[in-house]
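Below, each chain spelled out in residue letters.
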Amino acid sequence: PQSGSGTPTGSLVLETNNGTTSSGQLIAPQTLQLSNGSLASGTTTDFLPGGTSFTVTAHYSGDGTFAPADSSPVTVTVNPESSKAAVAIITYNPSTGQVTNPNATSFQYGTPGYLLRANVTNSSGNLCATNGVAQYDCPTGSVTLKDTFNGSTSSIDGGTFALNSEAYAEDQLVFLFGGQHSIVASYSGDKSFNASASPATVITVTKAPTSLSLNQGISTFAVGQPIFFTGTLTGNAYLPRDRKSVV
């Protein structure tokens, strides 16, 4: 916007109406700075959602001289882009919640601190939010997790998990038996991103340690007297339980 004497300063935001919310109104989480009253040549945005024939309006916030203003709406179509799903086992310290390995390929059976995370990104594999700051419009929807174990494929803990605002989902109560697991995450897609399936992530759950003790009850006995031994086998493994959230 530019009118009267002087040059407007400040910024613009883009407002869209593609029907993905109850009001239909979405504000792209990107501030576009003005330079000499206009956007710099080559200004781009990664924050317009996908959709067919929806409207986009530019909103000017105003400055000390010029009042806020809105542009006339323009109609656009944004085709969905490719997505990339990925799945990983994250191990963490159960006492502190601190991550010890963000992409573990093996761990011991009964380890108390691990969870399963599925991420959905753009085709480049870049996370849509870094340290809480959006980098582009995040994928929405859900992922389905399946595990192939001992030749049989089944859903993990009900199978379907909703993506959060940063486009990942976690199964914090997952419990895997000893052996080799092949886990796949399938993304359902939305208006902005096509469906996709992750490559199989192979996880090896190693055997938990055991100890065997033998006790004969008495240390002195007569010849011909029956001797009774008691053997005790113990294992060091945690059974499924609620897990601490990681930080």
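This text goes with the structure placed above it.
Thresholds, definitions, all that
- Residues numbered from 1 in each chain as written.
- Predicted model: local features only at pLDDT ≥ 70, side-chain atom pairs only at ≥ 80, totals over all residues.
- Heavy atoms only, no water.
- Helix = DSSP H or I, 4+ residues; strand = E, 2+ residues; numbered from the N terminus.
- Contact = heavy atoms within 4.5 Å.
- Areas by Shrake-Rupley, 256 points an atom, 1.4 Å probe, with all protein chains shown as cover.
- Salt bridge = Lys/Arg side-chain N within 4 Å of Asp/Glu carboxyl O.
- Buried < 20%, exposed > 50% of the residue type's maximum accessible area, 1.4 Å probe, protein only.
- Disulfide = S-S within 2.5 Å.
- Pairing = 2+ DSSP bridges.

(A) Spatial organisation of the overall build of the protein chain. In terms of regular secondary structure, the protein chain is built from zero helices and 21 strands. Put simply, 60% of the contacts in the protein chain that link residues at least 6 apart link residues at least 24 apart. Accessible surface computed for the protein chain: about 14100 Å², of which carbon and sulfur atoms make up 51%.

(B) A look at the pattern of salt bridges. Under the defined criterion, the tally for this structure stands at one salt bridge. Among the salt bridges present, the one from glutamate 170 reaches arginine 117, with a minimum N-O distance of 2.3 Å. Separated by 53 residues along the polypeptide, glutamate 170 in strand 16 (residues 168-171) and arginine 117 in strand 11 (residues 114-122) bring together distant segments of the chain. The exposure class assigned to glutamate 170 is partly exposed, which follows from its relative accessible area of 22%.

(C) Examining the state of the cysteines more closely. Applying the stated criterion across every chain yields a total of one disulfide. Each disulfide pairs two cysteine sulfurs, and for cysteine 128 the partner residue is cysteine 138, the sulfurs being separated by 2.0 Å. When the S-S torsion is 95°, as for the bridge of cysteine 128 with cysteine 138, the disulfide is right-handed. One end of the pair, cysteine 128, is in the loop between strand 11 and strand 12 (129-130); the other, cysteine 138, is in the loop between strand 13 (133-134) and strand 14 (142-149), and ten residues separate them in sequence.

(D) Structural view of the pairing of strand 19 (residues 201-206). Of the two faces of strand 19, only one is covered, namely that formed by Thr201, Ile203 and Val205; the face formed by Val202, Thr204 and Thr206 stays uncovered. Where strand 10 (residues 106-108) meets strand 19, three bridges bridge the pair, whose relative direction is parallel. What sits directly across from glutamine 108, in strand 19, is threonine 206. Pairing of strand 17 (residues 179-187) with strand 19, which is carried by five bridges, proceeds in the antiparallel orientation. In the sheet register, isoleucine 183 faces strand 19, and the bridge partner there is threonine 201.

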